[in-house]
Amino acid sequence: MKLYNTLTRKVEEFIPNDGNNVKMYTCGPTVYHDAHIGNLRCYIFEDVLEKTLNYLGYHVTRCMNITDVGHLSGDSDTGEDKMVKSAIEQKKSVLEIADYYTDLFKKDCQKLNIKWPAIVSKATDNIAEYIKIIQNLLDKDLAYQSGGNVYFDTSKLTNYYVLTNHNEEDIQVGVRESVEEDKNKKNKTDFVLWFTKSKFEDQALKWDSPWGLGYPGWHIECSGISIKYLGEYLDIHCGGIDNIFPHHTNEIAQSEGYLNHKWCNYWCHSEHLNDLTGKMSKSKGQTLTISLLESQGIKPLVYRLFCLSSHYRKTLVYTEEAINQAKKQYEKLLRKVKSIKKDDSVIQNDLFLKYQEEYKESIGNDLNTSSALTVLYDVLKDDNLNNNTKLSLIEDFDKVLSLDLLKEEDIADSLKEYIMEKINLRKQAKENKNYDVADEIRDELLKEGIKLIDTKEGTTYEIIDK
Ligand code: AMP
Ligand code: ZN
């Protein structure tokens, strides 16, 4: 398995710490808002990564946090707490908001066939863990108290920017919100581990700590949860590229400060989903969600296919035209699969293994999903393959693609929709006396194994063996 590692800026051979066992951590959502399809691109990438590792024979333990406290609107500890702000706006408690949006996120994941990680833990359930780490950092003089808060002292590190090689000014451009200066910090890059003094609307959730009643910073949550559930050595840590700085940079600083050794070997990041005006984000007016796509007749798995058609390290641009193209592509794919009937042919082992090898090479090459899809198309059009071999390969590939290629009702649904669309077009053509066009539609369907039957009540159809 080859993976691009942000830490070394190279595609590397993936070697886990412990034989075949992989420990994988993925930053979870901040549950103050619906997840937009940009966020979900990142979770699709992580799902494909986990499933690919499993497909290639690894055993993956994946952990994800749910951020329900401490994530401020500026990633560098500035602005308001996103959860508190949303709770005030919606006149609900922070916990109600967290539960509501966690549930929505989970449903979106189900619709997109994103496997829910084996371990999912809420930030608010692990306060003792953060306090233990922060105390240890204070004892080692890697952290200090100032103005009521506890800060990590980045000047104590020889190389703070391990993930980026950038200097701070370059990086600030990529940070989401405007950055205001915190006078309590000794160094500009220091970050909050524990807040007791908020500069904004009072934080609803607070816990006792050795430094007073307060709440954790966002970064410490991921270090705490990861170390608690996955131990001191992590194989893979993932997120979107906007997490590289400051979030992941800070996670490394505090985790390695606490553990006294290297923490995680592979850092994997997915590029953003943009719209025509730039990065898709929650703060940009109306958010494009999976439910909104569904209301426009776009199935969630069409969006999954849309993401898989491009590489996770390339910016993907969402347009209506592009998603409609993906819709057509998905319907066509399902129709092709549907036309392959299970029969009593014997699986052609050598050909099965040949295609499986090609597929493994594609998907195992830094998750080249578009080339994996090409292998699938090659299988579909290979006349040397008998039906049962084709169906077994499709089933095998779909363990990673998760496009429900062989799920009966989805095929029926999509096929029905497609045929009805064609029947309507034919009807319109006839009404406009475009009989040639009407005949063309009928013949085209017949070639695909769909026979139209005109009755007094209207047109129906029959699926036939071609
Ligand atoms: P958040 O809920 O804001 O913490 O974000 C959840 C995940 O979505 C993070 O890993 C982000 O890096 C990622 N993300 C945010 N915006 C986008 C986007 N437009 N495209 C892809 N990933 C994104
Ligand atoms: Zn995180």
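**Notes on the pattern of salt bridges**
- Throughout the structure, instances matching the rule amount to 25 salt bridges.
- A salt bridge links lysine 399 to aspartate 396; its shortest N-O distance comes to 3.2 Å. Of this pair, lysine 399 and aspartate 396 both sit in helix α13 (residues 387-401), separated by three residues, roughly a single helical turn.
- Judged by relative accessible area, which is 7%, aspartate 396 ranks as buried.
- Linked by salt bridges that have partners in common, Glu46, Glu50, Arg62 and Lys115 make up one network.

**Details of the sheet that holds strand β9 (residues 149-152)**
- Strands sit in the order β8-β9-β10-β11 across an open sheet of four strands; the sheet is antiparallel. Edge strands, defined here as strands with exactly one partner in the open sheet, are β8 (143-146) and β11 (215-216).
- Relative to β9, β8 runs antiparallel, the two sharing four bridges. Across the sheet, the residue bridging to glutamine 145 is valine 150, located in β9.
- Strands β8, β9, β10 (191-195) and β11 of the sheet are contacted by helix α4 (residues 127-139), whose axis makes an angle of about 125° with β10.

**Description of helix α7 (residues 244-259)**
- Across the 16 residues that make up α7, a large majority, 15, are buried.
- Positioned one or two residues after α7, asparagine 260 has a phi angle of 65°, which is positive.

**A short note on the site of ligand 1**
- Ligand 1 sits among 18 residues. The nearest are Gly38, Asp242, Asn243, Leu273 and Met280.
- Interatomic distance of 3.1 Å between a backbone N/O atom of glycine 240 and an oxygen atom of ligand 1.
- Contact distances for ligand 1 include 2.7 Å between a nitrogen atom and a backbone N or O atom of methionine 280.
- The protein chains hide 97% of the 490 Å² of surface that ligand 1 would expose on its own.
- Among the elements that take part in the shell around ligand 1, helix α1 (residues 37-55) stands out by supplying four residues, more than any other.

**A closer look at the coordination of the zinc ion (ligand 2)**
- In this structure, Cys27 (SG), Cys222 (SG) and His247 (NE2) serve as the protein donors to the zinc ion (ligand 2), at separations of 2.0 to 2.1 Å.
- For cysteine 222, a relative accessible area of 0% translates into the label buried.
- Given the relative accessible area of 0%, histidine 247 is considered buried.

**Concerning the domain arrangement of the chain**
- Domain boundaries in the chain define domain 1 (2-275), domain 2 (279-408) and domain 3 (415-463).
- Summarising the inter-unit geometry, the C-alpha centres of domain 2 and domain 3 are found 27 Å apart.
- Each partner contributes residues to the interface: domain 2 has six residues there, and domain 3 has five residues.
- When the buried surface of domain 2 facing domain 3 is broken down by residue, Glu331, Arg335 and Lys338 rank first, second and third, together holding 73% of it.
- With a shortest N-O distance of 3.6 Å, glutamate 448 and arginine 335 are connected by a salt bridge.
- Summed over the shared surface of domain 2 and domain 3, the result is zero residue pairs in polar contact (both at pLDDT 80 or more).
- By residue class, the composition of the side of domain 2 that touches domain 3 is no nonpolar, no polar and six charged.

**Structural notes on the sheet that holds strand β16 (residues 316-317)**
- One open sheet holds the three strands; their spatial order is β15-β14-β16, and the pairing between them is mixed. Both edges of this open sheet fall to β15 (278-279) and β16, since each of them pairs with a single strand only.
- In this sheet, β16 lies alongside strand β14 (residues 273-275) in parallel orientation, the contact comprising two bridges. Each residue of the ladder has a partner; that of leucine 273, found in β16, is leucine 316.

Reading guide: rules and limits
- Residues numbered from 1 in each chain as written.
- Chains lettered and ligands numbered in written order.
- Predicted model: local features only at pLDDT ≥ 70, side-chain atom pairs only at ≥ 80, totals over all residues.
- Heavy atoms only, no water.
- Salt bridge = Lys/Arg side-chain N within 4 Å of Asp/Glu carboxyl O.
- Helix = DSSP H or I, 4+ residues; strand = E, 2+ residues; numbered from the N terminus.
- Buried < 20%, exposed > 50% of the residue type's maximum accessible area, 1.4 Å probe, protein only.
- Pairing = 2+ DSSP bridges.
- Contact = heavy atoms within 4.5 Å.
- Axes fitted to C-alpha atoms, helices over the stretch in contact; angles between N-to-C directions.
- Near = heavy atom within 4 Å.
- Polar contact = N/O pair within 3.5 Å; in protein donor to acceptor, adjacent residues only side chain to side chain.
- Areas by Shrake-Rupley, 256 points an atom, 1.4 Å probe, with all protein chains shown as cover.
- Donors = N, O, S within 2.8 Å, 3.2 Å for Na, K, Ca; no water.
- Domains from an automatic or database assignment.
- Buried area = accessible area lost by both parts, 1.4 Å probe.
- Nonpolar A, V, L, I, M, F, W, Y, C, P; charged D, E, K, R; others polar.

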